[in-house]
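Single-letter residue listing:
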Protein chains: 2
Amino acid sequence: MTASHTPAPAAKGRGRPGIYLMSPSGRVTAPERIEQAQAHLKELGFRTALDRTALAEYQRFAGTDTQRIAAFRRALRHKGEIVMATRGGYGMTRLLPHLDWRALADSGKRFVGHSDFTAFQLALLAQTGAVSWAGPMASFDFGGKRLNQLTVDLFMDAMRDELELLSFETDDADPVDARGVLWGGNLALVCALVGTPWLPRVRGILFLEDVNESAYRVERMLIHLLHSGILATQKAIVLGRFTEMPKSSLDAGYDMHSVIAWLRHQVRTPIITGLPFGHVSLKATLPVGARVGIATEPGMAHLVFHEH
Amino acid sequence: MTASHTPAPAAKGRGRPGIYLMSPSGRVTAPERIEQAQAHLKELGFRTALDRTALAEYQRFAGTDTQRIAAFRRALRHKGEIVMATRGGYGMTRLLPHLDWRALADSGKRFVGHSDFTAFQLALLAQTGAVSWAGPMASFDFGGKRLNQLTVDLFMDAMRDELELLSFETDDADPVDARGVLWGGNLALVCALVGTPWLPRVRGILFLEDVNESAYRVERMLIHLLHSGILATQKAIVLGRFTEMPKSSLDAGYDMHSVIAWLRHQVRTPIITGLPFGHVSLKATLPVGARVGIATEPGMAHLVFHEH
């Protein structure tokens, strides 16, 4: 798999951008990775600030619900224009009814994260229409000794509004040439919002990834989206990486390929695999809620940004 | 935990009832258990018939979708008044759009099962209002050398319409004295139906169980029901057994008790634990879609059937 990007002709002049690091979900179990992430992000030209409860611990959470809700308020008051989750895990859906969505949207901040953070991004889109960024998080993506350079480049381009095109190899894609609002993220979180006020009603381009879900669970979740009418109304379904899928002797050859083959018999929406996104080192930074284009040619798919 | 039942004063006279065994979900991996189940059910006074594709295998399923859909049609044509799933697993939600719900309801058959079969039961209720039975399945509950006598008694009473009262010990129950339609089953399946035409719109008494779901996943699913407005509109939430919960070092003491404690702060609906139902040997046979009563006293809860 390769991902390529085309920087815009000229970068906008700007000061050193700030990143506010906060923990909206699970507790940080390796604080040294956050320290390492801050060092890496500084090398990349960012000022960083760590929310004062980013390393808090309460049960399996990064602080109590009250602390994590307060962290969002602090993020809005801080001058950093980017707000990045330290990590995912679990805990975001608890907070959804208690956040000030209007203030979050009006802040103009760029909220970045993935996995459990999907719940925040989709709720923000549902409640306000504001764009946020499905992309790297401090601990996983910036907390190691070495960074994935392409992940970094794609993040930098996205934060500078310089990402115009993301091309990726695909060995299984239906023909498509469509435009629409890009939305989605972690499949389990998308499903956990169906029927709630936090699911955006978008007929666009749905991207999905997941980790640690067996093939039958992935299929059950896709059927959930199918039966709730979501899949048939999309312009395209773009599948990222489904990793660490537990296998079982019950599977008897049934796997993600079986799931996709079956799904193609249920819905006419084009399905495109191979998106560099998920619980993997190489991940794009994608504008959730922005209008994009998607097109395929044999063996390749292209996401086109800055569609208006 | 104990469960007790009060047989009605006089049993209705009736011939030897028939049970049609079919496999709507996962493939049967131990056919000898089905044979054993048929022997046990014969001893209990039932005639049994095994659907001709009950032991079919396709990937992880008990036959192709077409075969499993046809099995439901054969069940309706058979004279057996009880239709019991051999086992759960996964595969029922695939079939939901393809079943003839009106014919299933009009058949007057007693459909019995749990786990993945929850999807069938809730869809039947949503589409037709017909009652089905959350209860034992051939392989797990009747396929072993020895049977759980109380499970058998409760099943027999339910099939004879002789179950009037199910009393069970509870060490954590809110005070309640309410009546309403009983519904629910496997939590993951209930959630997988939210926002689809297969979820009944019931403001009643919701019972839930699950297996092999970690505490945070159980909570995420309960939050799904909370945010979709389902929990607040129930008269009571009755929790069965949540078994084989994977633990993680990330939990840091967070467990099912934490989940229930947190939930009580989010919703005023009374929560009652201890229902003898789930992926456990001792399980009640419960009428999904029937009007029942529920009441608690210190240390005990009572489900009252034949409420009108």
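In this text, all values refer to a predicted model and were calculated from it rather than measured experimentally.

### Structural notes on the domain arrangement of chain A
Residues and elements named next belong to chain A.
Piece 1. If you check the domain split of chain A, you get domain 1 (3-163) and domain 2 (164-304).
Piece 2. A separation of 23 Å is found between the C-alpha centroids of domain 1 and domain 2.
Piece 3. Domain 1 puts 39 residues into the contact, and the matching count from domain 2 is 33 residues.
Piece 4. Between domain 1 and domain 2 lies a buried interface of about 2,800 Å² when both sides are counted; carbon and sulfur atoms form 66% of it.

### Focus on the interface of chain A and chain B
Piece 1. Between chain A and chain B, the residue contacts involve 41 residues of the former and 41 residues of the latter.
Piece 2. Of the roughly 3,400 Å² buried where chain A meets chain B, counting both sides, 52% is carbon and sulfur surface.
Piece 3. The three residues of chain A that bury the most area against chain B are A:Arg60, A:Arg220 and A:His227, which together make up 21% of that side's buried surface.
Piece 4. For A:Asp251, the salt bridge goes to B:Arg60, with nearest N and O atoms at 2.4 Å.
Piece 5. Taken together, the connections running from chain A to chain B amount to 22 residue pairs in polar contact (both at pLDDT 80 or more).
Piece 6. Broken down by secondary-structure element, the contributors of at least two residues to the side of chain A that touches chain B are α3 (92-95), α8 (187-192), α9 (215-227) and α10 (256-266) of chain A.
Piece 7. Here the residues of the side of chain A that touches chain B are counted per class, giving 18 nonpolar, 13 polar and ten charged.

### Regarding the packing of aromatic side chains
All names here are of chain A.
Piece 1. A complete count under the given rule lists 22 aromatic pairs over all chains for this structure.
Piece 2. Each ring, one from Phe-46 and one from Phe-155, has its centre 5.8 Å from the other, and the planes form 45 degrees; the classification is tilted. Of this pair, Phe-46 sits in the loop between α1 (31-43) and β3 (47-50) while Phe-155 sits in helix α7 (residues 149-159), and the two are 109 residues apart along the sequence. Accessibility assignment for this pair places Phe-46 and Phe-155 in one class, buried.
Piece 3. Through pairs of rings, three or more aromatic residues link up here, namely Phe-72, Trp-101, Phe-111, Phe-117, Phe-120 and Trp-198.

### Considering the state of the cysteines
Piece 1. Taken as a whole and judged by the stated rule, the model has zero disulfides over all chains.
Piece 2. Between A:Cys191, a free cysteine, and B:Cys191, which holds the nearest cysteine sulfur, the sulfur-to-sulfur gap is 10 Å.
Piece 3. Exposure remark for A:Cys191: the relative accessible area of 5% places this residue in the buried category.

### With respect to the relation of the copies chain A and chain B
Piece 1. Superposing chain A onto chain B takes a rotation of 180 degrees combined with a translation of 0.0 Å along the rotation axis, leaving an RMSD of 0.0 Å. Such a combination of turn and shift is consistent with a two-fold rotation axis. Scanning chain A for the C-alpha nearest the rotation axis identifies A:Gly195, at a separation of 2.4 Å.

### Quick look at the sheet that holds strand β4 (residues 82-85) of chain A
Consider a sheet: its strands pair through backbone hydrogen bonds, and that pairing is either parallel or antiparallel.
Residues and elements named next belong to chain A.
Piece 1. An order of β3-β2-β4-β5-β6-β12 is seen for the six strands of this open sheet, with the pairing classed as mixed. Each of the sheet's edge strands pairs with one partner strand only, and the pair in question is β3 and β12 (286-288). For this sheet, the mean angle separating the axes of adjacent strands, direction not counted, is 30 degrees.
Piece 2. Of the pairings in the sheet, the one linking strand β6 (residues 132-134) to β12 comprises three bridges and is antiparallel in character. Counted as the bridge partner of Ala-134 is Leu-286 from β12.
Piece 3. Seen against the sheet, α1 touches β2 (18-22) and β3 and runs at an angle of roughly 160 degrees to β3.
Piece 4. Running at roughly 170 degrees to β2, helix α2 (residues 65-77) makes contact with β2, β4 and β5 (110-113) of the sheet.

### Focus: the side chain of B:Glu219
Piece 1. Here B:Glu219 is to be found in helix α9 (residues 215-227).
Piece 2. Exposure remark for B:Glu219: the relative accessible area of 1% places this residue in the buried category.
Piece 3. If we ignore the near neighbours within four places in the chain, the residues touching B:Glu219 are A:Phe61, A:Tyr90, A:Arg94, B:Tyr254, B:Val259 and B:Trp262.

The rules we used
Residues numbered from 1 in each chain as written. Chains lettered and ligands numbered in written order. Predicted model: local features only at pLDDT ≥ 70, side-chain atom pairs only at ≥ 80, totals over all residues. Heavy atoms only, no water. Domains from an automatic or database assignment. Contact = heavy atoms within 4.5 Å. Buried area = accessible area lost by both parts, 1.4 Å probe. Salt bridge = Lys/Arg side-chain N within 4 Å of Asp/Glu carboxyl O. Polar contact = N/O pair within 3.5 Å; in protein donor to acceptor, adjacent residues only side chain to side chain. Helix = DSSP H or I, 4+ residues; strand = E, 2+ residues; numbered from the N terminus. Nonpolar A, V, L, I, M, F, W, Y, C, P; charged D, E, K, R; others polar. Phe/Tyr/Trp six-rings, centres within 6.5 Å; stacked < 30°, edge-to-face > 60°. Buried < 20%, exposed > 50% of the residue type's maximum accessible area, 1.4 Å probe, protein only. Disulfide = S-S within 2.5 Å. Least-squares fit on C-alpha atoms with pLDDT ≥ 70 in both. Pairing = 2+ DSSP bridges. Axes fitted to C-alpha atoms, helices over the stretch in contact; angles between N-to-C directions.

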